[in-house]
Amino acid sequence: MKQRAIRVTVNGKAHESEIAPRLTLVDYLRDVLGLTGTHAGCEHGVCGACTVILDGAPVRSCLMFAVQADGHAIATVEGLAKDDGTLSPLQDAFWEAHAMQCGFCTPGMLMAATALLKSNPDPSDDDIMDALGGNLCRCTGYQQIIEAVRLAALRTGEADG
Amino acid sequence: MKAAEFEYLCAESVSEVCQALADGGEDSRIIAGGQTLVPLMVMRMVRPTLLIDINHVAELQGIAEDAGGIKIGACTRQADAETSDLVQQKLPLLAKALRLVGHPQTRNRGTVGGSIANADPAAEIPLVALTLDAELVAMSNSGESHYQAAGFFSFVMETALGPDQCLTELRFPVWDGAHVGTGFEEVSIRDSDFAILAAAAQIETDNEGNCRRCAIAIGGGAPKPLRMGACEDAMIGARLDDNHINQAAALAAEAIDPGSDVHASAEYRRRIAPELVARALKQAVSEARP
Amino acid sequence: MADETTKQARFRHVSHKRRTKEDRRFITGQGRFVADIALPGTLHVALVTSPYPCARIDAIHTDAARALDGVVSVITGDELVEATNPLLSGLDLPNIKRRPMAAGVARYAGEWVCAVVAISRHIAEDAAELVEVDYEPQPFVVDPEQAIEASAPLVHPDHGSNILYQRKFTWGDVDGDFARADHQLSFRARWGRNSTVPIETFGVIARWNPGVETLEVWASIQMPKYAEQIARALGLPANCIRVHYDVDVGGSYGVKRGIKHTVLVGYLARKLGAPVRLIEDRLENMTGGDAHGPDRIFDVSIAFDNDGTLKSLRIRALDNVGCYPGRAPLQLGKPIGAIVGPYRIQSVEYEPISVCTNITSQEAVRGFGQGPTNFAIETAVDRVARHLDMDRVEIRRLNFIAKDEFPYTIPSGTAYDSGDYHTVTEKTLALADYPALVARRDQLRAEGLLAGIGFSACLEPSGGNAGFEPLFNPKNPTTTWMESCQIKIDLMGNLTGIIATQSAGQGHETLVATVIGEELERDPDDIRVVRADSLASLPSNSPVGSRMAIMLGGAASGAAKMIKQRLMEIAAHNLQLPADRLVYDGGDVAVRDDPATRIGWDEMVEIAHRRYHDMPVDTEPGLQASYVWEVPGGGGMPDADGRVQMYPCFSFEAHIPLVVIDPVTGKIEILSYYIGHDCGTMINPDIVHGMVNGGIAHGIGAALYEKFEYNADGQLLTGTFMDYLLPSIHEVPRIETVDHCTPSPLTPMGQKGSGEGGYLGAPAALASAVNDALAPRGLEITTLPMRLGDIAKLLHEQT
């Protein structure tokens, strides 16, 4: 079948690729761009491990074909820290609260929570649970994840305040 | 779990979509949000040879009000509808239902029209469309067609849409009485799972608190969403005490024709239907009470 | 707070808050999971699976698949029969041969029949659809009780029975105790087939390196003796297998044992001369991944006196292991080491029966059979309380082993090391403000809801050892599951710990760095911990059986002590003083009576690495140590009656949830959850609490949502994440925890295991809560999971 040319911006960097239409966005990010921080857990849209931010909104990258991302901007976990390695407040809070164990769901959690904090810098626990309701974690029981998001919001608020 | 091969067309207008559907025949398929379609494709349960992407068709997006009510473009994101002031003010039942559709992440991609066209019998948006007598507009090379929600949904994931038609718009009548209330209740195993059974209700009361107008429907109780005509008839004109609501709601048990699956039996659905209808009605009544 | 103060005083790093060493790579997307490894020229495998629960394979037509552009190879089970040896079984079953793919007969729906290898996974899936198999369906059996009837179709006809293992153990005077007891009661309890279902599926990549005749393996693995099992199946010496342990595992909790995957991929890599990878997709994982968990029917009788004293227990456990035995039947053996739970019960009869059927095979799951058994024991205790109209907590207080009775040997021969069950229980009740909790439940009941408080006590046997292997298979005399650690100090004076295992989130690098830092009084943040490969490292038995805090921690501690000893020797030689006049101080060695006189870390490192002339005579140059630790109390074979020391250390938990049930829909909501937890010394409190919380979440799944459900046709109905329901953030309540520390006398720092307890205790606690809620209606449920439809059915049948 015909390859398609696409042009996407990932973490601020432009990429041009020739791809098969049936390649999902998660497979494109991982296999074509080598950005393996985005994980495929179920490939049918339930687990949320593949969450990326598309034009500012968190979406499941297993439920999009990469051709559909043509012309769009994507943010992945690899783009959260600054170029000098400084962690984002959320990343740092995840570390501080040990909001993970195996780390496999972590990138999806981080992207969903990053989008939440951008639109809602002072979320309630219910807001956090709503934003992360589509991200499964099998290790932590979620408690330390909620604490980490809360901690990041608090610290960001203090820094801004 | 990789999709079978297909050709991809990124359409920019409805006419382009219609032409592609006409050319592509039965094996072509529209992709909107893809939140239902992509899982089916990667499991190879659906395998279109041509995928027509309508995400860049500007005329399919947006929410507006006119004399007939609220118009929602078929490719409007569920998240955009959920946060729309128009929807919240004029279609509170839809606003309630949208919060229960999937997760925030799927609502960021999923579209209002996609849910209608997929016609999952337990899905929230088709249930609201049926409850509110929405009009569904579709386009093909033969022209525009209008469907009433009541005749649109035919079976599990089957609708009146022909293979050459593209759903373009949902038109919701607005109840603009002074005392309108809405209720939406569903039972799902986890919070964000598909509903095992869902009940939607919208009522309007007169100044004395009697029911003037009432619409009730159930999702998941049959291969398509169903209006609860007998329950509605029992409500209209009545005083809205709990006892009466429970009696009206009890009629729902016989009005549905549920099936069994791994999550719940037909018997279970039939047993909880009156309770869900009653809860939805009580919610609506408490909002509508003058 | 008293505990906290004591710990802080006792340890400088252990038990203190510390950021883990692993998290940084995960939060930056730099974890290295198996699917992230891209080797040039890699080929991809997709599988053709049987749609039938049992079918003769008459022919496999592969021409169309082979003809597809991009397809490299298509192989069937027959080829593997010729080329490989059967996979290891935990039992002595010479007539049941397990192989990666079906040969001649497919024995469950989802069993691999044919493997397609192509240049991409997409093409491999395209080609798999083109393979046509001629099947002749055969009689099959799904239900384990039918499977043990004489007329049942045989899953493995050569074995002559569907029973893989059955033995009745009697420890103590069970008949006498039952005869003398004031009361007895009997019931049946069922544990539904669930599993750990990690978010990462199993995956493996193999590459044959002909230049050095080595098979390199990267896998998402948690399997003891993995390299040796691969070698045996492929007919290679084990020193031709190099398993790279520096692969992050995306969750396992027991099940990542993909030996059949690895043998298939290893065979293909060698045959095709290219790297070959098989990363299960979710459908493959759920159906043919052979990663389901225990599936049990318990028939329990318990004898007790009027005052609530528990006297004796009879447990018959029928476990549906699925199609192939593997190690799964041993999950009936491990619970023998805690068969009376935390209770003083003087005699026990235990009859484990392992049955095969035509469904997916089981694998090891968190707790290795302890979770179901604990559910059965706790359900029995709750029933006794109800029978006697006693308080459920009071009856436990009465029967708990007291803290001054340890070490306490239970009837089945295992000694519990230490514990203080009464205190942990009291602390948990205080945390929950139990009288207020009861008042809240009663208020909810007054509002017309069904509300209930649960209580479960739970032992977590830890420090995993091999006791069940010789017990269930006399031909397997394994009595050690040793663990190892190496430490080296380089010329720059930096410390590196080398471990021989992969990690699936347990934080082994943090564990080892913290322990080494504690022993050597160095900053753990400056200590690197690397995971070697199977050829470069010492023996390990992998992180199974809640063992690594104990065993890897113990090995690291042992190696660090050796290093410290060598530093003391170097210092004594150079200070020309006897070692007993010296004291180790933060990496330096000082004179005890004159602390200003000392020799520093850097100088001792230089002496060891460069100044051999300053080293004690005839000592090894450099600073390094290797330590291989035997499980404390290990090394014993079972006696004739099957008594054996199973695991060495026993953690304890008390769980108290409050639930409310919608009386119409049957939906259960957990309003509060309290847990008291005692795993001895916590090496890293954040890691421990994370595992406990996660274990409870996992247990919530087992109790309320998760089941691999088969229909009568032998078809799996819950093979996707839309049907097999893992708890999301909405289903897991906030968990309030109180810690307690009863150190183990058997471990260097008093540590015990903590990776399993949440999962072992939560299902029993939730069943207790649901039954408390149902009790006013006179109803009871003893089948897990307790799905809303099951609850509603009970309620409706009554009305």
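Residues numbered from 1 in each chain as written. Chains lettered and ligands numbered in written order. Predicted model: local features only at pLDDT ≥ 70, side-chain atom pairs only at ≥ 80, totals over all residues.

**Some points on the interface of chain A and chain B**
Then comes step 1: Each side of the interface is counted separately: chain A has 23 residues, and chain B has 24 residues.
Then comes step 2: Of all the secondary-structure elements, those providing two or more residues to the side of chain A that touches chain B are strand E4 (57-60) and helix H4 (125-132) of chain A.
Then comes step 3: Here the side of chain A that touches chain B gets four residues from one element, more than from any other, and that element is E4(A).
Then comes step 4: Tallied by class, the residues present in the side of chain A that touches chain B amount to 10 nonpolar, seven polar and six charged. (Contact = placed C-beta atoms within 7 Å. Helix = DSSP H or I, 4+ residues; strand = E, 2+ residues; numbered from the N terminus. Nonpolar A, V, L, I, M, F, W, Y, C, P; charged D, E, K, R; others polar.)

**A closer look at the sheet that holds strand E10 (residues 166-172) of chain B**
All names here are of chain B.
Then comes step 1: Across the sheet, which stays open at both edges, the five strands sit in the order E4-E5-E10-E6-E7 with antiparallel pairing between neighbours. Taken across any chain shown, the strands that pair with only one partner, and hence form the sheet edges, are strand E4 (63-66) and strand E7 (143-148). Sheet twist, expressed as the mean angle between neighbouring strand axes with direction ignored, is 25°.
Then comes step 2: Pairing analysis gives six bridges linking strand E6 (residues 135-140) to E7, with the strands arranged antiparallel. Paired with Val 137 across the strands is His 146, a residue of E7.
Then comes step 3: Lying on the sheet, helix H1 (residues 14-24) is in contact with E6 and E10; it crosses E10 at an angle near 130°. (Pairing = 2+ DSSP bridges. Axes fitted to C-alpha atoms, helices over the stretch in contact; angles between N-to-C directions.)

**Re the pairing of strand E19 (residues 450-453) of chain C**
Residues and elements named next belong to chain C.
Then comes step 1: Along E19, one buried face is formed by Leu 450 and Gly 452 and the opposite face, lined by Ala 451 and Ile 453, is buried too.
Then comes step 2: Where E19 lies against strand E28 (residues 649-661), four bridges are found, and the strand directions are antiparallel. Each bridged residue has a counterpart across the sheet, and for Leu 450 the counterpart in E28 is Ile 661. (Buried ≥ 20, exposed ≤ 12 C-beta atoms within 10 Å, placed from the backbone.)

**Describing helix H11 (residues 370-388) of chain C**
All names here are of chain C.
Then comes step 1: Between its first and last C-alpha atoms H11 spans 27 Å; for 19 residues at 1.5 Å apiece the expected length is 27 Å, and the two agree.
Then comes step 2: Along H11, 16 of the 19 residues are buried, which leaves the element largely enclosed by surrounding structure.
Then comes step 3: Looking one or two places after H11, you find Asp 389, whose phi comes out positive at around 55°. (Expected span 1.5 Å × (residues − 1).)

**Observations regarding the confidence of the model for chain C**
Residues and elements named next belong to chain C.
Then comes step 1: Looking at chain C as a whole, its pLDDT mean stands at 96, while 99% of the residues score no less than 70.
Then comes step 2: Here residues 1-5 scores under 50 on pLDDT; set against residues more than four positions off or in separate chains, the count is three contacts.
Then comes step 3: Overall fold confidence for the complex sits at a pTM of 0.97, while the interface term, ipTM, reaches 0.98. (pLDDT = per-residue confidence, 0-100.)

**Concerning the interface of chain A and chain C**
Then comes step 1: Taken residue by residue, the interface counts 40 residues in chain A and 42 residues in chain C.
Then comes step 2: Among the secondary structure elements, those contributing two or more residues to the side of chain A that touches chain C are helix H2 (89-96), helix H3 (106-119), H4 and helix H5 (143-160) of chain A.
Then comes step 3: Residues that form the side of chain A that touches chain C fall into these classes: 20 nonpolar, 15 polar and five charged.

**A word on unusual backbone geometry**
Residues and elements named next belong to chain C.
Then comes step 1: Looking along the chain, the bond that leaves Phe 406 and enters Pro 407 is cis, with omega of -5°.
Then comes step 2: As for its placement among the helices and strands, Pro 407 is situated in the loop between helix H12 (392-399) and strand E17 (408-409).
Then comes step 3: With an omega of -5°, the peptide bond between Leu 784 and Pro 785 qualifies as cis.
Then comes step 4: Relative to the helices and strands, Pro 785 resides in the loop between strand E31 (783-784) and helix H21 (788-798).
Then comes step 5: Notably, Lys 225 is not glycine yet its phi reads approximately 55°, a positive angle.
Then comes step 6: Residue position: Lys 225 is located in the loop between strand E11 (214-219) and helix H8 (226-234).
Then comes step 7: For Lys 225, a count of 19 C-beta atoms within 10 Å corresponds to the partly exposed category.
Then comes step 8: Unlike most non-glycine residues, Asp 618 shows phi in positive territory, near 60°.
Then comes step 9: Counting through the fold element by element, Asp 618 comes out in the loop between helix H18 (601-609) and strand E27 (623-629).

**Remarks on the environment of Gly600(C)**
Residues and elements named next belong to chain C.
Then comes step 1: Here Gly 600 lies in the loop between strand E26 (594-599) and H18.
Then comes step 2: Gly 600 sits in the partly exposed class, given 15 other C-beta atoms within 10 Å.
Then comes step 3: Measuring from C-alpha to C-alpha, the distance between Gly 600 and Ala 118 comes to 60 Å, with 482 residues separating the pair along the chain.

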